[in-house]
Amino acid sequence: MQTTRSESAFARAQKVIPGGVNSPVRAFRGVGGTPRFIERGEGSRIFDIDGNSYIDYVGSWGPLLLGHRAPAVIEALRAVLDSGTSFGAPTEREAELAELIRQAVPSMEMLRLVNSGTEATMSALRLARGFTGRDLTIKFEGCYHGHVDSLLVKAGSGMATLGIADAAGVPKAFAETTLVLPYNSIAALEQAFKERGDQIAAVIVEPVVGNMGCVPPLPGFLEAMRELTARHGALLIFDEVMTGFRVALGGAQALFGIHPDLSTFGKIIGGGLPLAAYGGRTDIMHKVAPLGPVYQAGTLSGNPLAVSAGLAMLRELIAHPEIYTQLEARAAQLTAWTPPGVTINRVGSMFTFFFTESPVTDWDTAKQCDTARFGKFFHHMLEQGVYLAPSQFEAGFVSAAHSEADIRATVDAARGFF
Ligand code: HOZ
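Residues numbered from 1 in each chain as written. Predicted model: local features only at pLDDT ≥ 70, side-chain atom pairs only at ≥ 80, totals over all residues. Heavy atoms only, no water.

Participant: Can you lay out the overall build of the protein chain for me, pointing to particular residues and giving the numbers?
Facilitator: A count of helical and extended segments in the protein chain gives 15 helices and 14 strands. Computed over its C-alpha atoms, the radius of gyration of the protein chain comes to 21 Å, within 12% of the 22 Å expected for a compact globule of 418 residues. Taken along its principal axes, the extent of the C-alpha atoms in the protein chain is 55 × 55 × 45 Å. With 418 residues in all, the protein chain has 57% of them scored as buried. Accessible surface, the protein chain as shown: approximately 17000 Å² in total, 53% of it carbon and sulfur. (Helix = DSSP H or I, 4+ residues; strand = E, 2+ residues; numbered from the N terminus. Rg over C-alpha atoms; globule rule 2.2 N^0.38 Å. Buried < 20%, exposed > 50% of the residue type's maximum accessible area, 1.4 Å probe, protein only. Areas by Shrake-Rupley, 256 points an atom, 1.4 Å probe, with all protein chains shown as cover.)

If you want it as structure tokens, here you go:
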């Protein structure tokens, strides 16, 4: 496979951008080698600048549920370009997008649009503190909620990939406001609430983890979290940046029947453009400025391009619920075999091939994986024209653009490794 143009693009980028990339996992440090520089995408495929094509299971890290250049999204973007790119003043379509999100996710009684998942979780957390008058947050080891100072403690995604336990630059006092517990441990949650229940503002969780690879909640875990937070006057925040509109139209909260107080969304709701949201109970959202004292703002929030792409995406998903049946079928086809020495986790169209024989239910079990062997598998797949996330600790995503033939080709390529 020819990679000379990617190699020189990477060398050039490394001189002006840290690691040559604008988000760490893209640098291939978790698997070695040269990141492929991408020229374009179409449907289920991406094409690099050397002319290689790949079946893509990254999908821009989740947003592209309909695949690359979904016609509805591209048409909406073409149309909005004729009216301008940003006004810093309200537009009608922002309320329309908020209404569609609320229609699909009833716990989002009111919401605020922001630009990234990090912004959404940062704002939700500040709001939880402002509402409860408490400072502590519980998060779970291996969960990643963006690069929010106080949440960069034992975080997943790039932190796990690069082996950074606690990020430099985070004031100790901020990190100390976060209690980190093992994912899926009801006992640890009960203990934390027993000891400090009256100081805990919120529990924030990826209801299905995507950022240590795909790790589903064990039965009863989310239910216990809901019960304990309610009993102690703490808020439950579901970080659905990855799972929202992916594991079900109504997100993980619909799949598991849990009603959080606040939620964060991103990725899919922006249709591949920078857009995210936080929201939830009306009485809590009334604390956000200008209604209340919790301040949060943004010049590009509600940006016309991003909102138009998001609207087009959500209208498609709401009009075609059969997309979720197809996603389930394709992802099941992809994971309906047991490679030796591998445990496959999957929830809907999110999946991970963990290079361990033991079940993966939390960070302790995820980190037992043979990451060197994963790296070999990753490069084998790349050579075969399949683009997986370049880290053992990230989820893969099936899109509605993946055909049965794509999945068959992927399984055939993977079988060739074992
Ligand atoms: N942290 C993101 C996925 N969990 C990766 C973002 C990116 O590299 O674009």
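Participant: Please give an account of the pattern of salt bridges that cites residues and values.
Facilitator: A side chain with one charge can pair with a side chain of the opposite charge if their charged atoms come near. Counting across every chain of the model gives 10 salt bridges. Residue R226 is joined to D261 by a salt bridge in which the shortest nitrogen-to-oxygen separation is 2.8 Å. Of this pair, R226 sits in helix α8 (residues 221–232) while D261 sits in the loop between α9 (251–256) and β9 (262–265), placing them 35 residues apart in sequence. A single burial state applies to R226 and to D261, both of which are buried. Between R346 and E328 there is a salt bridge, and its shortest N-O distance comes to 3.0 Å. (Salt bridge = Lys/Arg side-chain N within 4 Å of Asp/Glu carboxyl O.)

Participant: Tell me about the nonpolar core, residues and numbers included.
Facilitator: In a soluble, globular protein the nonpolar side chains are often hidden away together inside. The biggest cluster of nonpolar side chains holds 63 residues, and the ones touching the most others in it are Y57, F245, L314 and L317. It is helix α11 (residues 304–319) that provides the largest number of residues to this core, a total of 9 residues. Look past the residues within four positions of L314 in its chain and what remains in contact with it is L97, L100, I101, F245 and I269. Within the second largest apolar cluster, 32 residues are counted, among which are V215, F221, A234 and A366. (Core = buried A, V, L, I, M, F, W, Y, C linked by side-chain atoms within 4.5 Å. Contact = heavy atoms within 4.5 Å.)

Participant: An account of the packing of helix α2 (residues 71–81) against α11 is needed here, citing residue identities and associated values.
Facilitator: Packed helices, taken two at a time, are described by their axes: the angle between them and the distance between them. Relative to each other, α2 and α11 sit at 145 degrees, their axes nearing to 8 Å. As for how α2 packs across α11, the hand of that crossing is right-handed. Between α2 and α11, the residues in contact are A72, V73, A76, L77, V80 and L81 and P304, L305, S308, A309, A312, M313 and E316, respectively. (Axes fitted to C-alpha atoms, helices over the stretch in contact; angles between N-to-C directions. Left-handed = near helix turned anticlockwise from the far one by under 90°.)

Participant: Please provide a residue-by-residue account of the packing of aromatic side chains, values included.
Facilitator: Applying the stated criterion across every chain, the model contains 20 aromatic pairs. Taking the centre distance of 5.2 Å and the plane angle of 90 degrees together, the rings of F28 and F378 count as edge-to-face. Placement of the pair is F28 in the loop between α1 (4–16) and β1 (38–42) and F378 in helix α14 (residues 371–383), with a sequence separation of 350 residues. Overall, the relative accessible area of 1% leaves F28 in the buried class. (Phe/Tyr/Trp six-rings, centres within 6.5 Å; stacked < 30°, edge-to-face > 60°.)

Participant: Could you give an account of the side chain of S44, naming the residues involved and the relevant values?
Facilitator: In this structure, S44 sits in the loop between β1 and β2 (45–48). A distance of 2.8 Å separates a polar atom in the side chain of S44 from a polar atom in the side chain of D406. Among residues more than four places away in sequence, those in contact with S44 are Y54, I55, D56, A401, H402 and D406. (Polar contact = N/O pair within 3.5 Å; in protein donor to acceptor, adjacent residues only side chain to side chain.)

Participant: Just give me the short version of unusual backbone geometry, but keep the residues and values in it.
Facilitator: A cis amide bond links A289 with the next residue in sequence, P290, at an omega value of 15 degrees. The topology assignment puts P290 in the loop between α10 (282–285) and α11. Phi at R69 takes a positive value of approximately 55 degrees, unusual for a residue other than glycine. You can see R69 is positioned in the loop between β3 (53–56) and α2. For R69, a relative accessible area of 42% gives the class partly exposed. In the Ramachandran plot, F245 falls in the positive-phi region, its phi being about 60 degrees despite a non-glycine side chain. With respect to the secondary-structure elements, F245 resides in the loop between β8 (235–239) and α9. Judged by its relative accessible area of 0%, F245 is buried.

Participant: Go over the sheet that holds strand β4 (residues 110–114) with me, naming the residues and quoting the values.
Facilitator: If you trace the 7 strands from one edge of the open sheet to the other, you get β4-β10-β9-β8-β7-β5-β6, paired in mixed fashion. Since the sheet does not close on itself, it has two edges, and those belong to β4 and β6 (178–181), each with one partner. Within the sheet, the average angular offset between the axes of one strand and its neighbour, ignoring direction, is 20 degrees. Pairing analysis gives 3 bridges linking β8 to β9, with the strands arranged parallel. Looking across to β9, one finds that I237 is bridged to L262. In this fold helix α7 (residues 186–196) packs onto β5 (136–140), β6 and β7 (200–205), with an angle of close to 170 degrees to the strand it touches most, β5. Contacting β5, β7 and β8, α8 runs over the sheet at an angle of about 145 degrees to β8. (Pairing = 2+ DSSP bridges.)

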